[in-house]
Amino acid sequence: MEAEVIKAELVLPTHMSFKRIQMYEKYPKGQSKVRWKQLKQILQAEICQNYSPDEPNYVNIDSPPSMQPCKRICDITGFEAPYHDPRTNLRYANTDVFKLVRSLPNEYVQRYLALRKAAVVLR
Amino acid sequence: MPFISKIQRQTDYNRFPPSTPIVIDNGASYFRIGWAGETEPRVIFRNIVQRPRHKSTGETVTIVGDHDPALLKYFDCTRSGPRSAFDSNVVFQFEIMEYILDFAFDRLGATGSRIDHPILITECVCNPVHSRSKMAELLFETYGARSVAFGVDAVFSYKYNQLHGICEKDGLAICPGFTTTHVIPFVDGEPVYKGCCRTNIGGYHITDYLKQLLSLKYPHHMARFTWEKVEDLKMEHCYIAPDYALEAQLFQKGGKEAEDKTRCWQLPWVQLPTEEPPSEEEIARKAAIRERQGQRLREMAEAKRSSRINELENQLHELEFLLQQLGQVQKEDILSFLSETGYASKQEIELTLTKVTQSLRKAKGESKPEQAENEEKADSCTSDKYPLINVPDNMLTSEQLKEKKRQIFLKTTSEGRQRAKQKRVEEELERVRKTQQDEERRLENPQLYLEQMHTKYKELCEKVELRKRLKTNGGHTNGSNSGGVGRGERLNAAQRERMRLLTTAAFDRGKGEDTFGAKDEDWQLYKLMGKDNDDDDDEADEDEAELVRVSSRLQEIDPTFVPKPEPTASQPATTEVPHVRPLTNEDFQIVLGVERFRCPEILFHPNLVGIDQVGLDEMTGVSIRRLPSKDKALENRLTSSVFMTGGCSLFPGINERLEAGIRMLRPCGSPIKVARALDPVLDAWRGASLYAANTRFHQQTFSRSDYYEKGEDWLRRYQVRYTL
């Protein structure tokens, strides 16, 4: 290791005196990695517990969808967007933006759509 | 910048008795650890782990938190980026969590065989029991913690500010954090989780949105927009618009106010030295060099030629001499004489002689005319040359028949050549005649003639160009952008039609009765499908030739005429590269206009980034509705003490916007007061530190034996009392 790296103590030591079980004991090298439950799986397990619905839990404190009318803004400029291009599905504010929208390559169109999770996802 | 890391190792760990609790604010973006009762956390770092490979030794190392990026040059970080233990705001990856805790305790100066202190660690609201139990297990089993308590960061922040008179004992805590935003109602100084709500949007989403927008807007500077840089931009320049629509209109109209609100980030840029056109001298010098080189090549070729001629002449003389000698040699000595020279017979020598003479002639550059003469000579005596042609077959032997066939073949080919020559001559005559006619017409009325030529040139140009366009991108006349992608872009109209026919033929199966072939026209289909070539290629060539002729003619008679540069592939040398605009400093400017308030706007309208949940202002309404008791007085008390904490509440203008939003939801005349935490980032830790310093704190903690005796259901219900 380079001197300045050691001086900054950049690298975490593998042995810690204050630990009862060291990292290398818990997760030995070469052993298959522990598969941690993703949040989705954790929540699935929570739901399966059948707690009373009155009790607050991680799932039911989620906010509901908005009651206000959905705001539509131009995907490119952020201005208010009265128009919608049926070919690309992008929203646009005026003719100048429309010209730009039509000149965009498909990849960029999809990236703009992905910003509001409206892109075509191929699985 | 509100977030500053502190990672110096502390030296006074042993000064604290085992009863002093360690306080940890385990936020999704930053990790803070320190001692109970102190006002500042001792160690602060980004809650991330990197596991790069050391470049020189090749070993995989663990790097926790954010360090001087210059030091990372010794590591290969391409394999794995920074990783977080969080999924949304819940800890799920406890291997990474362990690295982070290792680093935190290490920097706190921990020694000894275990962490023999009570630990207060924050978690999210309604943390799933799985995550909570894993965290408790980690702290007890691996670190040997004396006891553990879990609390919610936003609540600690609220309690801390309540102490400082920022908010009341009844109120609403709004906490826009890194990945989620919570609203927690407080009644009598205790959080009511029943009335709590969470929207999955936070600072992470804002930074990501800004990053994506900027890299879409400036694709050339994509590499500049690192996560850290964009985070800085966000914190420095983003603000919440009082009214998004009005603010956007302001920018749409442009003008002074919009200009004042626009921020510009100048990237480092150096003016490239402009290339001066080469001077006259330079050009002359280069031409001279070229000329010299050409001269040398010519000389070399000449020398080669003369040496070859010399060689051939010598050979010729030798052969002639040989033949002479052969004539003098006795008949019986011929064979022995020949064996010495290397030739088998006299014929062979003669053959070589003719060959050498021919090559010599060629080398001297006089072969052609003579050959032509030869041909003509040969033509004059056809009957002599092909004696067998007119003799009937039955009078000939098989040998002679073969000979006759050969003669017929020779005759037809030579006749064909003759005819072609005739044609060439005729064409030449025709051309001369045409040019003469042309000239006459021109002399008759030069003005009219010139005009005609010009129109003809234009027409031809258009025709050729149109054909080229058709060839490259089919029927689309707007060649620049058709929006479509795929095969259509690559095939011309004829090829596309052919593909269509093929596919329809391939899929047209078993639809009713097959009547194909009943009509003769049906078979035409195969002709269309059969070949993939362009039928009109000949025509195109003709047009192009005509175009060249006309333009050269025009160049002759009209000094002002300049032919259009031909963008064909056949003349790449003449096509000029389009002049590239020199880059200026403006090409290296990142302009932040609408983005400044567009990105934080997603806190109030999460559907702008496709999250279908209520925004910050509506969340308060949802939260109040969720409260079990419908008490007007309580509701008024709640809204008159709206409290904001968390990193995202640092945006300028968020107070006013939130107040306006809540006013719209509440009945007319409701008291509304919005206050921001003293320090939205660190108050959670300070509140927790104060809480842990209380003498009754130990009643709220649980030990290892409690954890194993009471079981999971108890842990799920476990909740500290925040008012001690």
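Small disclaimer: the values here were computed from a predicted structure and weren't measured.

Conventions and cut-offs
Residues numbered from 1 in each chain as written. Chains lettered and ligands numbered in written order. Predicted model: local features only at pLDDT ≥ 70, side-chain atom pairs only at ≥ 80, totals over all residues. Contact = placed C-beta atoms within 7 Å. Helix = DSSP H or I, 4+ residues; strand = E, 2+ residues; numbered from the N terminus. Nonpolar A, V, L, I, M, F, W, Y, C, P; charged D, E, K, R; others polar. pLDDT = per-residue confidence, 0-100. Buried ≥ 20, exposed ≤ 12 C-beta atoms within 10 Å, placed from the backbone. UniProt positions renumbered as here; feature names shortened; annotations may be inferred. Pairing = 2+ DSSP bridges. Axes fitted to C-alpha atoms, helices over the stretch in contact; angles between N-to-C directions.

**Points about the interface of chain A and chain B**
1) Next: At the junction of the two partners, chain A supplies 54 residues and chain B supplies 68 residues.
2) Next: Elements that contribute at least two residues to the side of chain A that touches chain B include exactly helix 1 (3-7), helix 3 (39-48), helix 4 (95-103) and helix 5 (106-115) of chain A.
3) Next: Class assignment of the residues belonging to the side of chain A that touches chain B gives a composition of 30 nonpolar, 10 polar and 14 charged.

**So, the confidence of the model for chain A**
1) Next: Confidence in the prediction of chain A, expressed as mean pLDDT, is 88, and 100% of residues score 70 or more.
2) Next: For chain A, helix 1 of chain A is the element with the lowest average pLDDT, namely 83, and strand 2 (residues 91-92) of chain A is the one with the highest, namely 94.

**Quick notes on unusual backbone geometry**
With the exception of glycine, most residues fall at negative phi, and the peptide bonds are largely trans.
Residue and element names in this part refer to chain A.
1) Next: Positive phi values are uncommon outside glycine, yet Asn89 reaches one of about 70°.
2) Next: Assignment of secondary structure puts Asn89 in the loop between strand 1 (83-84) and strand 2.
3) Next: Although it is not a glycine, Lys117 sits at a positive phi angle of roughly 55°.
4) Next: By C-beta crowding, Lys117 is classed as exposed, having 12 other C-beta atoms within 10 Å.

**Notes on the UniProt feature "domain: Vps72/YL1 C-terminal" (unreviewed entry) in chain A**
1) Next: In the numbering adopted here, UniProt assigns the feature "domain: Vps72/YL1 C-terminal" (unreviewed entry) to residues 72-101 of chain A.
2) Next: Structurally, residues 72-101 of chain A is divided into 23% helix and 13% strand, and its ends, taken at the C-alpha atoms, are 16 Å apart.

**Observations regarding the sheet that holds strand 1 (residues 22-26) of chain B**
All names here are of chain B.
1) Next: One open sheet holds the six strands; their spatial order is 3-2-1-10-11-20, and the pairing between them is mixed. Of all the strands in the sheet, just strand 3 (43-46) and strand 20 (702-703) have a single pairing partner and so form its edges.
2) Next: Note: strand 10 (residues 118-123) against strand 11 (residues 147-152), six bridges, orientation parallel. Looking at the pairing, Glu123 lines up with Val152 of strand 11.
3) Next: Across the sheet, helix 3 (residues 153-163) lies against strand 1, strand 10 and strand 11, angled at about 80° from strand 11, the strand it touches most.

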